[in-house]
Amino acid sequence: MDTSYILLFAQLSLFILLHNHTSLANIITDEASLLAFKSHISSHPNNILASNWSSSGPVCSWIGVTCSSRHNRVTALDISTMQLHGIIPPHLGNLSFLVSLNISNNAFHGDLPQELARLQRLKVIDVASNNSPEKFRHF
Ligand SMILES: *[C@@H]1O[C@H](CO)[C@@H](O)[C@H](O)[C@H]1NC(C)=O
Ligand SMILES: *[C@@H]1O[C@H](CO)[C@@H](O)[C@H](O)[C@H]1NC(C)=O
Ligand SMILES: *[C@@H]1O[C@H](CO)[C@@H](O)[C@H](O)[C@H]1NC(C)=O
């Protein structure tokens, strides 16, 4: 009886520890993913993201970023029509709560990373009007 209580307590502590660790890691993971994305976007005179996507403010307040209040995770990214150049890095595949990605009407090039395929919630990808739409279509 005593042993099972101790075991239960140990399991509960472990669960709480892991759970807290996971939720802490996740929004930080989202931030790291977006900062990696930013580093793959070539500088441009009008690149508003260069100053706005900064650790000095919370990720969920960054331009183009929408979070779910329930999970405090990034659910949508809309950076359409911002005159952005660059590639889409595999790091976006770490935005595990992402539902919608809109990078349309920019000058992105290259392939969409296959890491995006592991995003089970992802429903909308709009890559219209970029430099190589024929390559994007293979995704
Ligand atoms: C980024 O822009 C948003 C919306 O304009 C603003 O609320 C936020 O404070 C800005 N963050 C930084 C770090 O500049
Ligand atoms: C995110 O994904 C990249 C490549 O897919 C990986 O190398 C990196 O370690 C991941 N970052 C985090 C914080 O999980
Ligand atoms: C993506 O953004 C463009 C420009 O703002 C908009 O016209 C388009 O409807 C958006 N795509 C989706 C799937 O919402």
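This text goes with the structure placed above it.
Since we're looking at a predicted model, the values are computed, not measured.

Asker: Honestly, the nonpolar core in this entry has me stumped. Any pointers?
Answerer: Inside soluble globular proteins, nonpolar side chains tend to come together where they are buried. Leu34, Phe37, Trp53, Leu77 and Ile79 are the most contacted members of the largest nonpolar core, which has 25 residues in total. Elements supplying a minimum of two residues to this core: helix 1 (2-39) and strand 3 (73-78). The contacts of Leu34, once residues within four sequence positions are left out, are Trp53, Val59, Trp62, Val65, Val74, Leu77, Leu92 and Leu95.

Asker: Can you walk me through the site of ligand 1 in this structure?
Answerer: What surrounds ligand 1 is the set Asn52, Ser56, Ser61 and Ile63. Contact between ligand 1 and Asn52: an oxygen atom at 2.3 Å from a side-chain N or O atom of the residue. The residue inventory of the shell around ligand 1, partitioned by class, reads 1 nonpolar, 3 polar and no charged.

Asker: Help me understand the state of the cysteines in this model?
Answerer: Think of a disulfide as a covalent bridge from one cysteine sulfur atom to another cysteine sulfur atom. Summed over the entire model, instances satisfying the criterion amount to 1 disulfide. Paired by a disulfide, Cys60 and Cys67 hold their sulfur atoms 2.1 Å apart. Between Cys60 and Cys67 the sulfur-sulfur dihedral comes to about -90°; the bridge is accordingly left-handed.

Asker: Would you mind going over the site of ligand 3 with me for this structure?
Answerer: Near ligand 3, the surroundings consist of Ser80, Thr81, Asn102, Ser104, Val124 and Asp126. Within the side chain of Asn102, a nitrogen or oxygen atom sits 2.3 Å from an oxygen atom of ligand 3. In the model, a nitrogen atom of ligand 3 is placed 2.7 Å from a nitrogen or oxygen of the Asp126 side chain. Considering ligand 3 on its own, with 360 Å² of exposed area, one finds that the protein chains cover 41% of that surface. Tallied by class, the residues present in the shell around ligand 3 amount to 1 nonpolar, 4 polar and 1 charged.

Asker: Can you walk me through the pattern of salt bridges in this structure?
Answerer: A side chain of one charge can pair with a side chain of the opposite charge when the charged atoms of the two come close. Applying the stated criterion across every chain yields a total of 1 salt bridge. Salt-bridge contacts for Arg73 lead to Asp30; the nearest nitrogen and oxygen are separated by 2.8 Å. Separated by 43 residues along the polypeptide, Arg73 in strand 3 and Asp30 in helix 1 bring together distant segments of the chain. Judged by its relative accessible area of 0%, Asp30 is buried.

Asker: I keep staring at the sheet that holds strand 2 (residues 65-68) and nothing clicks. Help me out?
Answerer: In a beta sheet, neighbouring strands pair by backbone hydrogen bonds and run either parallel or antiparallel. On the basis of which strands lie adjacent, the open sheet formed by 4 strands has the order 2-3-5-7 and mixed pairing. Single-partner strands in this sheet number two, and they are strand 2 and strand 7 (124-126). Each strand axis lies, on average, 20° off the axis of its neighbour in the sheet, ignoring direction. Taken together, the 3 bridges between strand 3 and strand 5 (residues 100-102) define a ladder with parallel strand orientation.

Asker: Explain the packing of aromatic side chains to me, please; I cannot follow it from the model alone.
Answerer: Given two aromatic rings, their pairing is described by the distance between the two centres and the angle made by the two planes. Within this structure, the stated rule accounts for 3 aromatic pairs. Measuring from centroid to centroid gives 5.7 Å for Trp53 and Trp62, while their planes differ by 20°, and the two rings are stacked. Taking the relative accessible area as the measure of exposure, Trp53 reaches 0% and is therefore buried. Of the residues examined, Trp62 reaches a relative accessible area of 3% and is grouped as buried. Feature note: the residues Phe37, Trp53, Trp62 and Phe108 constitute an aromatic cluster, connected by ring pairs. A cation over a ring is seen here: Arg121 above Phe97, with NZ or CZ 3.9 Å from the ring centre.

Procedures and definitions
Residues numbered from 1 in each chain as written. Chains lettered and ligands numbered in written order. Predicted model: local features only at pLDDT ≥ 70, side-chain atom pairs only at ≥ 80, totals over all residues. Heavy atoms only, no water. Core = buried A, V, L, I, M, F, W, Y, C linked by side-chain atoms within 4.5 Å. Buried < 20%, exposed > 50% of the residue type's maximum accessible area, 1.4 Å probe, protein only. Helix = DSSP H or I, 4+ residues; strand = E, 2+ residues; numbered from the N terminus. Contact = heavy atoms within 4.5 Å. Near = heavy atom within 4 Å. Polar contact = N/O pair within 3.5 Å; in protein donor to acceptor, adjacent residues only side chain to side chain. Nonpolar A, V, L, I, M, F, W, Y, C, P; charged D, E, K, R; others polar. Disulfide = S-S within 2.5 Å. Areas by Shrake-Rupley, 256 points an atom, 1.4 Å probe, with all protein chains shown as cover. Salt bridge = Lys/Arg side-chain N within 4 Å of Asp/Glu carboxyl O. Pairing = 2+ DSSP bridges. Axes fitted to C-alpha atoms, helices over the stretch in contact; angles between N-to-C directions. Phe/Tyr/Trp six-rings, centres within 6.5 Å; stacked < 30°, edge-to-face > 60°. Lys NZ or Arg CZ within 6 Å of the ring centre and 35° of its normal.

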